[in-house]
Structure formats: C-alpha cells, structure tokens
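Fold and geometry: a report
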Amino acid sequence: MSACIARLLRALPAIFLLCQTVRAAVPVAPYFNGVFPEFAPNETFWTTRNAFPNLTFTDPLWMQQIPGSSELVVLEKGGKIHRFPNDAGVTPAQRTVILDIADRLQIADEIGLLRMVFHPKFGDAASSFRNDVFLCYSHRPAGTPASTATSMWRISRFKWVPASQTIDPASEEVLIQQFDPHGWHNGGALAFDNNGYLLITCGDGGTNHQSGAWLDQGFFSGVLRIDVDNNPERSHPIRRQPREDFFKPAKYPASFTQGYGIPNDNPWISTSGSSLEEFYALGLRSPHSAFYDAVEGDLWIGDVGANSYEEINRLAKGVNYGWPSNEGPLSGTGLGRPYFSYDRKLGGCVIGGLRYRGTRWSNELAGRILFGDNVKGTLHALAANITGAPTQELLTTNLGLGPYAGMSNLATDNLGNIYILKLDGIGKDGGTIPILERTTP
C-alpha cells in the first residue's frame, strides 16, 4: 500500500499539469470553477468554411441552384440577383447580375427583395411556364422617399431569357400588391408544393396587423396558396380583393390581386366572396424563412417570436397557429401548436427549417430539419419524431451575431451541400456563404 501511495505522490505534478492543460482546452474549460457555457460541447464535430472565398455579397437573403443547371443564384436584399458556377474557386469575373430591380425597391429594416422561386415546369420546352420566375419584394411607389419604411408588398411573375440566362426586368406581371405599413415581419418565403401550387408566407406587418383571424381584410399573418397556372379544372377566379388599409398614403397605388386562380380545396372557400380564399393557414408573426419538403409534401416554417419563443411550424390546412394571442407552447384550445419551439436561452431569431434530403450527409442528417438562430449564431438539427417530442442537436456555433450581421438563411444544392447565408451589416459588401463541413471523418 505504501508503495502505491509513493507512486501516486510522485505522479501528482504530472496530474496537476494534465489538469491545467485540460482546463485550457475547448470545450471542457468552461465547466471549471462552476462556469458553464450556454450550449453543450459540440460533440458532433461540425464546422463551416467559406464556400466561395473570392466572392462577397451585399445582404444575401436567398440562394438556390438553377433547375437544369449546375449554376447557383444568390438574391441580395438591395435588388440584385447573381448567377455563378458552383465552384469554390469562382471569381468575381465569373459572376453575372441576372436581374437588378433596385429602381423599384423600398429598402429598410427587413424589407427589400426577399425571395425568388422557379416554376416547377421551368426549362420544360413543352410547357408555357418554362421561363416563369416568381419574386417577392417591397415596392417603392413613385415619389416615395427612400427612408420611408412603408411599401407595397408584391408577388410578381418575371420571365427568364434563355439566350442570356438572365431575367427580363420589363417582363414583370404583378400578381399581388398590398400596402405594407412597416418595415418588419413581411414573410415573403416562396415555394411550390407537389401539386404545383405556390405557397407564400406573410407576416403580421410589424404591428400585430391582422391577427390572421380576419379573413376579409388583407394578406397578413399566414400562408397563402394560389394557382399561378390558373387551371380552371382545379381552381376558380379571385372573388375578393384585399381591403385598403386606413393608414395607406393617398399617393400610394391601389392594393389588388390578379392573374392567378384560387385552389378549389383551400380551407376558407366562400362563394359569396366574404373571405380572402387565398389563405391556407393563419396565425403567424414573422415567417421569413420556410422550406418545402417534396418527399413528404410538407412546408416547414421558421416563425420569429416576440417576447418568449421561436417556432418551427409544419404547415397544416386550415390551422391557426395562434399569433398574436399566443406563441410557442402557450397556444390555447383550437390553436395549432408549433412542431418545435424554444425560448430565449437557445436564441431569439429562428432561421429554418430546411429538411435535409441530400446525399452528402445522408448518414448524419437524413430527414432532419435544419434551423439556425440569428441572435446566437448557431445551427441545429431537429430530429423528426412522430410519436413524441422532436429532439434538437447543436451542430455548430460562431455563425455571426445580430439582426444585420449574422445568419439570414439556409440553402442546399443538388450535391447535398448545406450552406449558410451570412450578412455583414446593412448595405455592406461583406456577406459570405459558409458551407457546413465535418471536422472528423
């Protein structure tokens, strides 16, 4: 026994040195002296690197691969859409501006050019919709000061020009134009479902405007579902126009809708025209990020909360998700509860949720719903669980902090890569697009 004690005493200096070394290590160090980090250690060994180190962007909000092409497009809040090869070595000389509508934009806070989507028949030579591209943006009426945060919220159809691989700015057909009273909570996410209907998210306009229970007012706080093909076999003509806001300036143009049909199986059909039949769901606050999962036919919506909770919602027909009466798990009787919600300990501005169906990380992330948080600069994977509560796993941190200097969206490509769009401050040409990587095999 005495020999064992002697050996232990001789080993104490080495043990002390080892403890000091471990204490300085990451991520164990934060646990010493009773100081605990906000997140558990990142045991999944994920990190990010700049996917396109030679390129920078000004307020990048959306990226996707062009259907039928290997090239990518990046949408900037200020009105430009860029096209470039999906290559880590791509240079600025290889990047092309395919559309610039800065001359018709109102840019402030969360408004500007918000999202784009290609028609499901894009590139199909046999389809009359083969060149259709749809944008959501904030229109600045003529004579309106650029400093004003009010605008006309638009959903418009544009035409792709195959010869030049650009979008014709003169081809715009406005489908929805509505007065937007503030520069926040605009929604604007666009996606086509498996039936070819266009899904559009809309926020509350920044003032709890239209709780979503008012189906006879305007397009606020919900998800719209429209037939841009205007097929009379499955949809009918628009029966009701949005009501004008009392506070809309007299010099602003009229709010209106045109050029699409209402799906006959939307939940609030009114032959008398008493309701805006475009609504498919209600009760959302600021759903500026949403992604469609074609495998299961679901739209996953990241809805930014107010005081307590962030939400990931799974779109369901005719559901009211509760805003502004409730948020997070506090939803009451008759209201749709979020699929997943988290409080201010985990973050304060959700970006999500992209359901991963790619091949590159299929072993690690197949079927998981990816979401980030702009306030915390984190990226998470949400494991879907049909029988119980979904489980959340932290993937990586240090993705930038702040409403105009951190993560703005997620994206993927046909190779199964996962990208994070990052801002660098309002109007600064320093935005980047990190790509998710593993730090170990």
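Treat the numbers as computed from the prediction; the structure is a model and nothing was measured.

**Brief notes about the overall build of the protein chain**
Scanning the protein chain from terminus to terminus reveals 2 helices and 29 strands. A total of 441 residues make up the protein chain; the buried ones form 53% of that total. Counting only contacts in the protein chain whose residues sit at least 6 apart along the sequence, the fraction spanning at least 24 positions is 59%. Counting every atom, the protein chain has about 18,600 Å² of accessible surface; 55% of that belongs to carbon and sulfur.

**Some details on the nonpolar core**
Nonpolar side chains tend to gather and get buried jointly when the protein is soluble and globular. With 61 residues, the main nonpolar core has Ile81, Met116 and Leu198 as its most contacted residues. When near neighbours in sequence (up to four residues on either side) are disregarded, isoleucine 81 contacts Val73, Val74, Leu75, Thr96, Val97, Ile98, Leu99, Leu113, Met116, Leu135 and Ile167. Residues Met63, Leu72, Ala411 and Ile433 belong to the second largest nonpolar core, which totals 14 residues.

**Points about the environment of valine 133**
With respect to the helices and strands, valine 133 occurs in strand 8 (residues 132-139). Judged by relative accessible area, which is 0%, valine 133 ranks as buried. Between the C-alpha atom of valine 133 and that of proline 120, which follows or precedes it by 13 residues, the distance is 9.7 Å. Beyond its immediate stretch of four places on either side in the chain, valine 133 contacts Met116, Val117, Phe118, Phe122, Ser156, Arg157, Phe158, Trp160 and Ile167.

**A short note on the pairing of strand 5 (residues 80-84)**
Taken across its 5 residues, strand 5 has 4 buried, putting it largely inside the fold. Alignment of strand 4 (residues 72-76) against strand 5, held across 4 bridges, turns out to be antiparallel. In the strand pairing of strand 5, valine 73 is matched with arginine 83. Between strand 4 and strand 5, which pair antiparallel and follow one another directly, the connecting turn spans 3 residues, one of which, glycine 79, has a positive phi of 120°. Looking at chain direction, strand 5 and strand 6 (residues 96-100) are connected through 4 bridges and run antiparallel. Counterpart to isoleucine 81 in the pairing with strand 6 is leucine 99.

**Thoughts on the side chain of arginine 285**
Among the structural elements, arginine 285 can be located in the loop between strand 17 (279-282) and strand 18 (289-293). Of the buried charged residues, arginine 285 lacks a salt bridge, with aspartate 204 as the closest side chain of opposite charge at 4.6 Å. A distance of 3.1 Å separates a polar side-chain atom of arginine 285 from the backbone oxygen of valine 304. Among all residues touching arginine 285, those that are not within four sequence positions of it are His185, Gly203, Asp204, Asp303, Val304, Gly305, Ala306 and Trp323.

**A few points about the environment of serine 128**
Structurally, serine 128 is set in the loop between strand 7 (113-118) and strand 8. Distance in space between the C-alpha atoms of serine 128 and aspartate 229 is 9.5 Å, their sequence separation being 101 residues.

**Here we look at the pairing of strand 9 (residues 151-161)**
Strand 9 sits mainly inside the fold: 9 of its 11 residues count as buried. Where strand 8 meets strand 9, 8 bridges bridge the pair, whose relative direction is antiparallel. Counted as the bridge partner of aspartate 132 is lysine 159 from strand 9. The sheet contact formed by strand 9 and strand 10 (residues 166-180) spans 10 bridges and is antiparallel. Bridging across to strand 10, tryptophan 160 finds its partner in isoleucine 167. In textbook terms, the turn of a hairpin is the stretch between consecutive antiparallel strands, and for strand 9 and strand 10 this stretch comprises 4 residues, one of which, glutamine 165, has a positive phi near 55°.

**Digging into unusual backbone geometry**
Put simply, tryptophan 323 and proline 324 share a cis peptide bond, and its omega is 10°. Along the chain, the position of proline 324 falls in the loop between strand 20 (310-314) and strand 21 (340-342). The omega angle of the peptide bond from glycine 352 to glycine 353 is -5°, so this bond is cis rather than trans. Turning to its location among the elements, glycine 353 is positioned in strand 22 (residues 350-355).

Conventions used here
- Residues numbered from 1 in each chain as written.
- Predicted model: local features only at pLDDT ≥ 70, side-chain atom pairs only at ≥ 80, totals over all residues.
- Heavy atoms only, no water.
- Helix = DSSP H or I, 4+ residues; strand = E, 2+ residues; numbered from the N terminus.
- Buried < 20%, exposed > 50% of the residue type's maximum accessible area, 1.4 Å probe, protein only.
- Contact = heavy atoms within 4.5 Å.
- Areas by Shrake-Rupley, 256 points an atom, 1.4 Å probe, with all protein chains shown as cover.
- Core = buried A, V, L, I, M, F, W, Y, C linked by side-chain atoms within 4.5 Å.
- Pairing = 2+ DSSP bridges.
- Lys, Arg positive; Asp, Glu negative; His and termini not counted.
- Salt bridge = Lys/Arg side-chain N within 4 Å of Asp/Glu carboxyl O.
- Polar contact = N/O pair within 3.5 Å; in protein donor to acceptor, adjacent residues only side chain to side chain.

The values reported here are purely geometric and, on their own, carry no functional implication.
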